[in-house]
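Each chain, written out:
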Amino acid sequence: MLKKITISFVFFILSATASWAANGRFTLVIDAGHGGHDAGALGAFSKEKDINLNVALAFGRYVEQNLPDVNVIYTRKRDVFIPLHQRADIANKAKADLFISVHTNSVVPGHYAKGFQVYTLGMHRAKDNLDVAMRENSVISMEAGYQRTYQGFDPKSSESYIMFEFMQNANMEKSVELARLIQNSVCASAGRIDKGVHQAGFLVLRESYMPSCLIELGFITAADEEEYLNSPGGIDAMAKGIYEAFVKYKNMYDTHIVVPFRTADNKRIAVGRAIPALPADTPRPVAPATGRRQPKRNPPAAVQKPAQKKDSQPRQKGTGTEQQKNVPVFKVQVFATNRQMRPGCEQFRGHTDIDCVQEGNLYKYTIGSSTNYNEIARLREKLKKDFPQAFVIAYKDGVRMDTNQAIGEFLKNKRKK
Ligand SMILES: [Zn+2]
C-alpha cells in the first residue's frame, strides 16, 4: 500500500520528469543506488553513490540520444537520499516496462573480490548472494519507521529472506533474460571479469512490479576496479554495455506498437469482480470470497457492480470459515500486470475462475480463496502447469498481509482448535 507522503513525493517527481507509459512509449526507470547521506560502499578515494550515478546518467543519455521512443525516468539525477520503497514507487507509478538499479559491490577488509554481476529477484541460498542483498538492503535502516514501511523486514536477519521464496513472479523470465543480456554485453564491451547472473532478495526489486534487475558494476574495494569505475572511459564503456543489452531486450519484448492492450471492450470490466461472470452451474475449485476484497483505488466509474454476486454454490470443505473476521484468507496469485487483461485472453490459459484485484497501479489475477492454507497450497501445485510462477498471497479483512505471517497465524489458529 502506498503511503500518502510517498504519493505526493512520487507525483512531484513524475509531474516534473515523466510522461506516462500509457502514451505508448516504452518506459525505462534507471535507479542510481544510494545518494545523499547514504554513501553506499566506500573505496579508497571514492563513494559508491557517485559511481552509480555517473554510470546511470551515462546509460540514460545513450538511451535518450538513440531511442526516441523510450521514456527514461531517473529515480535520482543528483546526490540526494531516496528511500528504497520510493524508488520502486516511482517505477510502479509510471507503469514502467523495466527497472534497472545500478550499484557497486564491496567486500569487508581482509577479503578480495573482483568482477561484474547482475542480480534478479529471487531466493538463492548461496551465502555470497545473501551477503550482497543484506548489504544493499541495510540502507532501509536509515529510513525513519522502516520496520513499519517494510512490514517488519529486518535486513540483517536471514529469516527475513525466507519470504523471497514467494516472490517468484511472472516477471522472472524477462528479468533473467535481461540480466543475462547485460552480463554478456558489459563483460564483452568493457572487458570485465564475468561473475555471472545471480538471484537474491533485494527489497528494491521486490517492491517494483515489472521486469527488473540490479547491477553490481564492480568492487569498489579492488583498487583497479575503483580506478576504472571512476575514469571517464570506464564509465562510458559500462554505460554503453548496459545500453546495448537494453536495445536487445527491447527488441525482444517491447510490444507497445504491436498489441494495444486497452481495447474498447476493457472498459466494461469491473475491476474486483470475477472475470468473467460465471454461469451458475460452472464448477469452481473453491468458493470465492465474498465481501473480502482489497479496497480498490479509483475504480472505473459506472462499471462497478452495486453488490457482489452471491455465490449459490454449496461451500466446499475448508472454506466455511471465510466470513470470519481477523483470519487470513489465502489466494493463488497467477500473475500481475500493470494493464487490465481481456476476459478469455491467452494469458488466462483457458481458466475462467480468475479474480482480479486492483492494488495501486497493479492488477493482480488470483484463483481460489480460502482460510485453509493447505487447500490453497495444493491448488497452487495444481495450477503450476499453467502458471509456473504462481504463488500464494494472503489477505486479512480485505487488506494484503505478509504471506509468511499469515501462514504462521493459520497454523496457530489450527492448533487452538
Ligand atoms: Zn549499493
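Residues numbered from 1 in each chain as written. Predicted model: local features only at pLDDT ≥ 70, side-chain atom pairs only at ≥ 80, totals over all residues. Heavy atoms only, no water.

Caption draft 1: Summary view of the packing of helix 6 (residues 172–189) against helix 9 (residues 232–253). The contact between helix 6 and helix 9 brings their axes to 8 Å, and the two run at 145 degrees. Helix 9 is crossed by helix 6, and the crossing has right-handed handedness. Facing Lys174, Glu177, Leu178, Leu181, Ile182, Ser185, Val186 and Ser189 of helix 6, the residues of helix 9 in contact are Ala237, Met238, Gly241, Ile242, Glu244, Ala245, Lys248, Tyr249, Met252 and Tyr253. Classifying every residue of the contact of helix 6 with helix 9 by side-chain character gives eleven nonpolar, three polar and four charged. (Axes fitted to C-alpha atoms, helices over the stretch in contact; angles between N-to-C directions. Helix = DSSP H or I, 4+ residues; strand = E, 2+ residues; numbered from the N terminus. Left-handed = near helix turned anticlockwise from the far one by under 90°. Contact = heavy atoms within 4.5 Å. Nonpolar A, V, L, I, M, F, W, Y, C, P; charged D, E, K, R; others polar.)

Caption draft 2: View of the confidence of the model for the protein. Put simply, the protein has an average pLDDT of 76, and 73% of its residues get 70 or more. Scored below 50 in pLDDT, residues 1–22 shows 34 contacts in the model against residues more than four places distant or in partner chains. With pLDDT under 50 throughout, residues 257–322 is counted as low confidence; its partners more than four residues away or in other chains account for 130 contacts. (pLDDT = per-residue confidence, 0-100.)

Caption draft 3: Inspection of the pattern of salt bridges at higher detail. Taken as a whole and judged by the stated rule, the model has twelve salt bridges. The partner of Asp79 in a salt bridge is Lys49, and the shortest N-O contact between them spans 3.1 Å. Of this pair, Asp79 sits in the loop between strand 2 (70–74) and helix 3 (84–93) while Lys49 sits in helix 2 (residues 48–66), placing them 30 residues apart in sequence. For Lys49, a relative accessible area of 9% translates into the label buried. Through salt bridges that share partners, Glu48, Arg135 and Glu136 make up one connected network. (Salt bridge = Lys/Arg side-chain N within 4 Å of Asp/Glu carboxyl O. Buried < 20%, exposed > 50% of the residue type's maximum accessible area, 1.4 Å probe, protein only.)

Caption draft 4: Summary view of unusual backbone geometry. A positive phi angle, close to 65 degrees, is found at His34, a residue other than glycine. If you trace the backbone, His34 turns up in the loop between strand 1 (26–32) and helix 2. Its identity is not glycine, yet Arg349 carries a phi of approximately 55 degrees, on the positive side. Within the secondary structure layout, Arg349 lies in the loop between strand 8 (329–337) and strand 9 (354–359).

Caption draft 5: Quick peek at the packing of aromatic side chains. Taken as a whole, this structure holds nine aromatic pairs when the rule is applied. Between Tyr119 and Phe202 the ring centres are 5.1 Å apart and the planes differ by 70 degrees, which places this aromatic pair in the edge-to-face class. Taken as a pair, Tyr119 in strand 4 (residues 116–121) and Phe202 in the loop between strand 5 (194–200) and helix 7 (203–206) lie far apart in primary sequence, 83 residues in all. Stacked on the ring of Tyr228, the Lys or Arg Arg192 has its end atom at 3.7 Å from the ring centre. A cation sits over an aromatic face here: Lys331 above Tyr395, 5.3 Å from the ring centre. (Phe/Tyr/Trp six-rings, centres within 6.5 Å; stacked < 30°, edge-to-face > 60°. Lys NZ or Arg CZ within 6 Å of the ring centre and 35° of its normal.)

Caption draft 6: Examining the sheet that holds strand 3 (residues 98–105) more closely. Reading across the sheet, the six strands line up as 2-1-3-6-4-5 and stay open at both edges, with mixed pairing between neighbours. In this open sheet, the two edge strands, each paired with only one partner strand, are strand 2 and strand 5. Taking each pair of neighbouring strands and ignoring which way they run, the sheet shows an average axis angle of 20 degrees. Bridge count for strand 4 against strand 5 is five bridges, and the pairing is parallel. (Pairing = 2+ DSSP bridges.)

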